[in-house]
Amino acid sequence: MKLIIKEYLASLREREELDAVLPDLLSQMGMNVFSRPGRGTRQDGVDVAALGSIDGDEETVYLFSIKPGDLRRPDWNSASPQSLRPSLDEIQDAYIRNRLPKQHREKKIKICICVGGDIREEVRQDIEGYKDRYSNEQVSFEEWNGDKIASLIESYFLREELLPEAARSRLRKALALIDEPDISYKHFAILVDSILGEDISKAAQRIRAVRQLSICLWILFAWAREQSNLESTYRAAELLLLRLWNIAREYAGKKNKTAKSIHSVYRSVLNTYLNVGNELFSKSVLPHSSKIHGLSSAVRGSTSLDINLRLFDLAGRTALYGIWLLWYAHTFQEGSDHQNVLLETSSTYADTLKQLVNNNPILLLPIKDDQCIDVALGVLLLVMNGDQDSIEGWLANIIDRAIFAYRFQYPYPCNISAYHELLEHPQHDDTYQQNATVGSILYPFISILAAMIEAHELYAAVKSFKHDKLQHCNFQYWYPDDSSENHLYVNDEIHGANLSGIDVEAAPEDLLKQVFDECDNMRQFWELTAVKHGFWPLVLTACRHYRLPIPLHLFREYWTPPKVDDTDPVADTDAEIR
Amino acid sequence: MRSNNKPSEAVYAALEGILSTDTCDDMLATIARTAANLIKHDLSQVDRLIDLVDKAVEKGEDQAINAAASILASVDKQMPEELIEKLLAHLNRVNPEHKGTIDQIDYAMHRLIRLGKMDAAINTIEALIVAENLEPAAFDSVLHDIQRDTTLLNKTVTRWLLNGNASLCRTAAFLVGGRHGANVTVEVDPAEIVMTDGREAIFLARKICGHLFMNPVSAASMLLSVLQQVQDNNTRIQIGKLILNPLLINYPGKPQKLINERRKSSSAEVQEVLRQIDMALDEYFEALRSIDEIPELYPSEAQREAYHRYNSRKIEESYKEAEKKSVLLGLFTKQTLLYGRTSVNYIHDGQGKAHRQEIPLQKHSVEFEFPRMAQLDPLGIEHLLAMFRAGRRQE
């Protein structure tokens with residue numbers, strides 16, 4: 001296990017990646033981390049600062065200067081802002097004098113040179129010389145290399161008593177089978193189940209469990225990145241975001257120490273998810289979405305079904321990631337550089353989604369009705385970017401193709417989910433056709449959007465399709481209800497309410513009244529903790545991951561002006577939905 | 001010789017009498033056959049006999065039409081032109097359900113083509129295909145004749161595609177892709193189209209794409225032929241776009257090779273259009289090649305296995321279906337060889353001797369280029385081709 005952890009530490013590429021692990025480790029070791037890596041640059045050479053005692057030693061201030069990978073000569077003393085020696089100088093000259101909290105200034109101080117890999121021999125003499133020269137009674141130096149951090153991680157997070165052999169075995173399998181993403185993900189999911197299924201009723205147990213899982217996800221990420229296959233990691237990251245929210249939600253809005261620790265780890269998992277997404281999309285989607293048939297060809301499937309399934313999934317992920325970025329942007333100060341960069345990046349994802357659809361025409365018709373979830377995520381991102389033309393274009397193409405496919409018996413959207421049955425779809429008889437289209441969320445969703453954006457032709461097309469061919473099909477939609485809060489993030493039970501018989505043959509305003517009035521009846525959406533506490537994209541993540549329709553409440557927000565209501569449960573959230 | 005077997009006037013009178021009174025289809029068919037037969041024996045009464053045949057067939061129904069077809073099936077140089085014309089005129093009343101009559105017509109047209117009466121044969125089956133919506137397989141013999149004659153093939157395919165009638169276009173596709181001449185090259189017959197009218201050329205090019213798509217070499221040769229014959233640059237660009245997409249973007253193999261082989265003999269204007277197509281194709285495929293492996297997008301192992309199981313079952317089903325239709329398997333006993341590269345057999349000559357025979361096994365393979373969009377955008381390509389097939393002439 002230690003080798004796995006060491007390998008993972010050595011593969012961390014950015015200082016921020018090691019930053020993400022170290023504070024949790026130190027906290028788990030019982031230390032008080034009083035300075036965490038902030039957004040932006042380090043503080044006078046210090047990346048992480050903590051107070052505590054290790055192995056029963058005297059209480060000491062630990063100041064960490066972090067460097068990813070191995071430490072080589074160019075990393076020791078050069079003009080680079082990441083160079084180590086200037087940072088060590090800054091710690092002594094500026095940090096200890098000016099920034100170290102007054103109450104700690106008399107305490108012993110250890111300046112820790114923290115590297116993910118090893119300190120190379122070529123700089124050994126320089127470091128030893130530096131340590132001899134600047135060590136004194138109060139200040140001393142310590143080296144924390146990959147080996148030491150791996151030992152600490154193993155001792156404090158993953159040792160036998162804390163992480164049972166069965167769970168360790170699942171982690172090893174998840175790592176070993178990264179090239180078989182379905183199986184790797186399955187092992188990771190079982191690992192999550194096993195850790196969260198233990199007795200974690202005490203606060204300390206909970207904190208340890210979420211930290212363990214956070215580390216496990218990081219290890220999986222680091223290994224997957226080395227193997228250039230992030231599929232299982234992406235899914236694992238989504239899963240963990242959801243499963244850990246089920247714990248974090250109990251501490252939402254609280255300010256005690258446990259709550260702070262849980263929030264801190266949860267933010268760290270969210271950052272990991274964003275990192276995984278960034279790595280995945282910047283490698284696989286952004287550079288290739290502008291190439292005609294590019295990503296369709298990259299699927300290397302045996303059949304067009306493979307391309308259809310993979311690309312709708314990819315479109316859903318791309319859209320969701322763009323939405324998360326938009327949400328993330330609003331957690332920064334209004335008008336700040338960070339916010340502007342994130343808003344721009346989110347907008348790039350909206351453009352990428354459009355290119356993806358335009359250049360991969362297989363995205364112009366889902367084969368499964370539930371791929372409406374991915375379409376809806378895409379539409380939501382475009383709605384948030386105010387791009388109605390693109391929405392209308394995409395949905396009009398979908399409905400045109402659906403009518404053509406249904407009429408001439410090409411693969412039309414159906415209610416089948418098993419892959420082997422989809423291979424046989426469609427079969428050419430009327431009974432089959434009716435059975436394969438007994439219900440739909442796709443067509444009513446298109447009608448609702450058509451009504452919202454006043455796309456009359458599109459609305460009429462669905463209306464006549466329903467009238468002429470789909471009288472047997474129950475047009476429906478899903479709304480979260482009272483039971484959703486307890487099951488949405490873990491998917492352990494069926495939950496929510498289904499509005500049946502959505503009347504797309506009625507006038508557009510009547511349809512909107514029908515479905516949006518139900519939003520009023522189902523205000524439980526606003527009571528979902530993820531929404532209430534400002535993590536509303538988490539609901540979308542749950543819908544994508546567990547295949548549930550995207551709540552119409554969100555679309556409605558973009559249809560009518562936002563309500564000004566002091567009692568609105570969302571009012572105290574970190575980020576508003578818009 | 002004929003004059004010696006001349007029938008008497010009483011025979012004519014009897015035939016005419018029955019014709020005027022009898023309405024029985026069988027009887028009318030018999031009158032037609034008898035009258036046609038008598039022509040060989042009494043040239044002096046040709047007109048009267050032709051009239052008898054004509055009226056009998058006209059008055060009769062399915063049997064009479066069958067008689068007309070069978071008379072035509074024995075057509076030779078001696079058969080009067082007028083009789084041929086009159087009989088041909090009746091064939092459009094054939095009941096498409098009557099396979100026997102259709103077969104007779106097929107054979108009759110085959111005989112006419114052998115006699116050099118191409119136009120008469122083609123006009124007849126063309127009218128029948130349009131009127132009765134007949135499948136190409138119904139005229140197996142005559143279509144085989146057309147396939148063997150390049151000039152006739154070019155003429156027929158051009159004419160039928162340009163006609164735009166769905167059944168005729170399907171038959172044109174059968175001609176270039178049917179079992180006797182799969183993927184043959186075809187040229188546009190300039191006598192069948194007014195090339196100065198760009199709209200006609202584009203209409204033909206779309207029909208080529210719509211109907212010959214599954215025979216890409218035929219489609220490429222014919223589209224190139226259109227391109228070489230059109231008169232204005234705007235039309236050339238339009239045809240060039242169709243050559244690029246849907247043709248070459250789907251079939252970058254043999255069709256492109258064929259176009260490359262023929263480009264040198266093309267005019268400078270055509271070569272320029274082909275150069276633009278090359279550039280667009282290069283850019284398109286270069287972009288695809290620039291994408292490294294993205295394993296995150298690969299189907300899962302379970303999906304691959306499910307597909308292989310599905311595919312194996314489909315191949316087995318189609319193999320069994322093909323076996324049922326095989327003529328050879330009906331004639332011979334089937335033996336499966338599990339090992340070896342040659343088959344050793346002993347043939348007994350009936351005189352107590354066995355002769356050893358060693359037959360080396362041969363490899364047989366069929367190469368088929370699969371349209372790329374069948375995977376990348378199956379519905380899109382079907383939709384596009386359906387639009388081309390359904391397209392009508394712009395007035």
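How each quantity is defined
- Residues numbered from 1 in each chain as written.
- Chains lettered and ligands numbered in written order.
- Predicted model: local features only at pLDDT ≥ 70, side-chain atom pairs only at ≥ 80, totals over all residues.
- Helix = DSSP H or I, 4+ residues; strand = E, 2+ residues; numbered from the N terminus.
- Buried ≥ 20, exposed ≤ 12 C-beta atoms within 10 Å, placed from the backbone.
- Contact = placed C-beta atoms within 7 Å.
- Nonpolar A, V, L, I, M, F, W, Y, C, P; charged D, E, K, R; others polar.
- Domains from an automatic or database assignment.
- Core = buried A, V, L, I, M, F, W, Y, C linked by C-beta atoms within 7 Å.

## With respect to the environment of Arg523 of chain A
Counting through the fold element by element, Arg523 of chain A comes out in the loop between helix H22 (508-521) and helix H23 (524-527). The spatial distance from the C-alpha of Arg523 of chain A to the C-alpha of Pro480 of chain A is 8.5 Å, given a sequence separation of 43 residues.

## Description of the environment of Tyr107 of chain B
Residues and elements named next belong to chain B. With respect to the helices and strands, Tyr107 occurs in helix H6 (residues 99-114). Overall, the presence of 20 C-beta atoms within 10 Å leaves Tyr107 in the buried class. With 76 residues separating them along the chain, Tyr107 and Ile31 place their C-alpha atoms 22 Å apart. Excluding anything up to four places from it in sequence, Tyr107 contacts Ala73 and Ser141.

## Let's talk about the interface of chain A and chain B
Facing 39 residues of chain A, the contacting portion of chain B comprises 27 residues. At the level of elements, helix H8 (181-197), helix H11 (257-284), helix H12 (294-298), helix H13 (304-329), helix H16 (388-408) and helix H17 (419-423) of chain A are the ones that each hand at least two residues to the side of chain A that touches chain B. A per-class count over the side of chain A that touches chain B returns 17 nonpolar, 13 polar and nine charged.

## Quick word on helix H19 (residues 442-452) of chain A
Side chains of residues three or four places apart in an α-helix project in the same direction, reflecting 3.6 residues per turn. Of all 11 residues in H19 of chain A, 11 are buried; the element is thus mostly enclosed. When we look at burial in H19 of chain A, the residues that qualify are Leu442, Tyr443, Pro444, Phe445, Ile446, Ser447, Ile448, Leu449, Ala450, Ala451 and Met452 of chain A.

## Quick word on the domain arrangement of chain A
Residues and elements named next belong to chain A. Entries for chain A in the domain assignment read domain 1 (1-156), domain 2 (160-284) and domain 3 (364-557). Centre-to-centre, using C-alpha coordinates, domain 2 lies 31 Å away from domain 3. Taken together, the residues of the side of domain 2 that touches domain 3 sort by class into five nonpolar, two polar and three charged.

## Re the nonpolar core
Grouped together as the largest cluster of nonpolar side chains are 198 residues, with contacts concentrated most on Leu63, Leu220, Leu380 and Ile446 of chain A. In terms of residues, this core owes the most to one element, H13 of chain A, which gives 17 residues. Ignoring sequence-local partners within four residues, the contact set of Ile446 of chain A consists of Leu395, Ile398, Ile399, Leu458 and Val462 of chain A. Grouped together as the second largest cluster of nonpolar side chains are 91 residues, Leu38, Leu72, Phe213 and Tyr251 of chain B included.

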